[in-house]
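A structural walkthrough
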Amino acid sequence: MVVELLGLALLVQGGGGLVNNLSGGSKSWFLLNYLDIPGVPHLAGHALLLVLGLVLVLGRKGRTRPKSGG
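Read on for an overview of the structure. (Residues numbered from 1 in each chain as written. Predicted model: local features only at pLDDT ≥ 70, side-chain atom pairs only at ≥ 80, totals over all residues. Heavy atoms only, no water.)

Digging into the overall build of the chain
- Counting its secondary structure elements, the chain contains 2 helices and 0 strands.
- A burial count over the chain gives 26% of its 70 residues as buried.
- By sequence separation, contacts in the chain at least 24 residues apart represent 53% of the contacts at least 6 residues apart.
- If you sum the accessible surface of the chain, you get close to 5,000 Å²; carbon and sulfur atoms cover 71% of it. (Helix = DSSP H or I, 4+ residues; strand = E, 2+ residues; numbered from the N terminus. Buried < 20%, exposed > 50% of the residue type's maximum accessible area, 1.4 Å probe, protein only. Contact = heavy atoms within 4.5 Å. Areas by Shrake-Rupley, 256 points an atom, 1.4 Å probe, with all protein chains shown as cover.)

In structure tokens, the structure reads:
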């Protein structure tokens, strides 16, 4: 449960921050927007958070599938 919540938080931070920066880049509640990082590494950081969140959410779902008895 905690891993899924962390993954979801990373998805929101990464995806939302990426969209925010691509559409204007205003200061918002996205964490990386408060760090003084230049353009491309800033966008790469948001993309990394997004991918890491996807891995945590989707990877966890893949491991918790019930086994078929057959």
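The structure having been displayed, the exposition proceeds.
Examining helix α1 (residues 2–22)
- Across its 21 residues, α1 extends 30 Å between first and last C-alpha, which sits within 8% of the 30 Å expected from 1.5 Å per residue.
- Remark: G24 follows α1 within two positions and exhibits a positive phi of approximately 150°. (Expected span 1.5 Å × (residues − 1).)

Looking at the side chain of S28
- Tracing the sequence through the fold places S28 in the loop between α1 and α2 (39–63).
- Here the side chain of S28 touches N20 through a polar contact of 3.1 Å, side chain to side chain.
- Excluding residues within four positions of it along the chain, S28 makes contact with N20, N33 and Y34. (Polar contact = N/O pair within 3.5 Å; in protein donor to acceptor, adjacent residues only side chain to side chain.)

Here we look at the side chain of H42
- Counting through the fold element by element, H42 comes out in helix α2.
- Looking at H42, its side chain comes within polar contact range of the side chain of N33, at 3.2 Å.

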